[in-house]
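Spelled out from the first residue to the last, the chains are:
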Amino acid sequence: MRDAYHEELDSIGEGLVEMARLVGSAIGRATTSMLDADLKLAESVIAGDQKVDDLQHDLEARAIALLARQQPVATDLRIVVTSLRMSADLERSGDLAQHVAKLARLRFPQSAVPHDLHATILEMGQLAQRLMAKAAEVIITKDVDLALQLEQDDDEMDLLHRTLFQHLMDDRWKHGIETAVDVTLLGRYYERFADHAVSVAKRVVYLVTGEHADEIQAATATPVEGS
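What counts, and at which threshold
- Every chain is numbered on its own, with residues counted from 1 as its sequence reads.
- For this predicted model, a pLDDT threshold of at least 70 governs which residues receive local features, and a threshold of 80 or more governs which side-chain atom pairs are given and counted, while totals over whole chains, interfaces and linings are taken from all residues.
- Side-chain metrics rest on all non-hydrogen atoms present in the structure, leaving aside hydrogens and water.
- Comment: elements are numbered from the N terminus, with helices defined as DSSP H or I runs of at least four residues and strands as E runs of at least two.
- Buried, partly exposed and exposed residues are distinguished by accessible area as a fraction of the type maximum, computed with a 1.4 Å probe on protein chains only: under 20%, between the cut-offs, and over 50%, respectively.
- Note on contacts: a residue pair qualifies if any of its non-hydrogen atoms lie within 4.5 Å across the two residues.
- Here the accessible surface of atoms and residues is derived via Shrake-Rupley with a 1.4 Å probe, and residues count as covered only by protein chains that are part of the display.
- Charged residues are defined here as Lys and Arg on the positive side and Asp and Glu on the negative side; His and the ends of the chain fall outside this count.
- In plain terms, the charge of a residue is placed at NZ if it is Lys, CZ if Arg, CG if Asp and CD if Glu.
- To form a nonpolar core, buried Ala, Val, Leu, Ile, Met, Phe, Trp, Tyr and Cys residues must be joined to one another through side-chain atoms within 4.5 Å.
- UniProt positions are given in the numbering used here, feature names are shortened, and annotations may be inferred rather than shown by experiment.
- One fewer than the residue count of a helix, multiplied by 1.5 Å, yields its expected span.
- Each polar contact in these results corresponds to two N or O atoms within 3.5 Å; when the atoms are within protein, one needs to be able to donate a hydrogen and the other to accept it, and residues that are neighboring in sequence are counted only if both atoms are side-chain atoms.
- Pairing of aromatic rings covers Phe, Tyr and Trp, the last through its six-membered ring, and needs centres within 6.5 Å; plane angles under 30 degrees mean stacked, over 60 mean edge-to-face, and all others mean tilted.
- Note on criteria: charge over ring means Lys NZ or Arg CZ within 6 Å of the ring centre, with the direction from the centre no more than 35 degrees off the ring normal.

What about the overall build of the protein chain?
On a plain count of helices and strands, the protein chain comes out with 7 helices and 0 strands. Reading the protein chain from its N end, one meets helices and strands in the order α-α-α-α-α-α-α. For the protein chain, the spread of C-alpha atoms along the three principal axes comes to 65 × 55 × 20 Å. Put simply, the protein chain has 227 residues, and 45% of those count as buried. Taking as baseline every contact in the protein chain between residues at least 6 positions apart, the subset at least 24 positions apart corresponds to 83%. For the protein chain, the computed accessible surface area is about 11700 Å², with 52% contributed by carbon and sulfur atoms. Measuring between centres, the 23 positive side-chain charges of the protein chain sit 3 Å from its 39 negative side-chain charges.

Now the structure itself:
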């Protein structure tokens, strides 16, 4: 019975990794569909989000069944509860990838992104995919140091997000209000996707250590001279 219990815990972790890989792929393909005005690819991303939702529902059902049957305590309880929270982060990440694809579909046969912003949006999409791949690796390895690095990596996404707004606020903006709204939404989608990847990594830190990532980072921060 105990072996079966731990196998079920392991399978929940495997489900989280599969979700992370699916949503990471989805944001990459959604970005391509946006920049290339590829309607078929956009539709496949939109339809594919159902698999992420189904995985989350299955994972939730198994986690709740474990709570009811086994009444886990200490570390095992932390694994189950934290897994439920991670699955919610990953499901929302899938929704954000779907939002990008839906915007690509809405503007087809045109691209919602002006040519002069293609490089920035491409970089945001690639970074979002890398962050989620790293989050999947953190789930597998339980590497706390790697998990803590994700927040620093997310600073790059914040910088790209600010770059988009600098373009929007520039007096030379010539693409109109509708495109400005599209670009604003896209920037928000990528920023939130990255935030969810960071959140997943932080939850792994809590799962492993029993401490919140912010507390660990504060404890290890270099004191400011004279403070």
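Focus: the side chain of Glu191
Along the chain, Glu191 falls in helix α6 (residues 176-209). Setting aside residues up to four positions removed in sequence, Glu191 forms contacts with Met157, Asp158 and His161.

So, the nonpolar core
Ranked by size, the top nonpolar core spans 69 residues in total, and within it Leu186 and Tyr190 carry the most contacts. At the level of secondary structure, the elements contributing two or more residues to this core comprise α1 (2-36), α2 (39-70), α3 (74-107), α4 (118-141), α5 (144-169), α6 and α7 (213-220). Counting residues per element, this core draws most heavily on α6, at 14 residues. The contact partners of Tyr190, leaving out residues within four places of it in the chain, are Ile27, Thr31, Val100, Ile121, Met124, Gly125, Ala128 and Met157.

Here's the deal with the UniProt feature "domain: PhoU" (unreviewed entry) in the protein chain
This chain's UniProt record puts "domain: PhoU" (unreviewed entry) on residues 16-103 and 121-204. Overall, residues 16-103 shows 94% helix and 0% strand. The separation of its end C-alpha atoms is 27 Å. Counting secondary structure, residues 121-204 comes out at 90% helix and 0% strand; the distance between its end C-alpha atoms is 29 Å.

With respect to α2
In this model, α2 (32 residues) spans 47 Å end to end at C-alpha, consistent with the 46 Å of a helix rising 1.5 Å per residue. Every buried residue of α2 is listed here: Leu41, Ala42, Val45, Ile46, Asp49, Val52, Asp53, Leu55, Gln56, Leu59, Ala63 and Leu66. Between the side-chain oxygen of the N-cap and the backbone nitrogen of Lys40 there are 3.3 Å, and the N-cap of α2 in question is Asp38. Just beyond α2, the residue with positive phi is Gln71, at close to 45 degrees.

Section: the packing of aromatic side chains
For the structure shown, the criterion picks out 0 aromatic pairs. The aromatic ring of Tyr206 is capped on one face by Arg78, whose charged end is 5.9 Å from the ring centroid.

Some words on the environment of Met169
The topology assignment puts Met169 in helix α5. Along the backbone, Met169 and Ala180 are 11 residues apart, and their C-alpha atoms lie at a distance of 9.5 Å.

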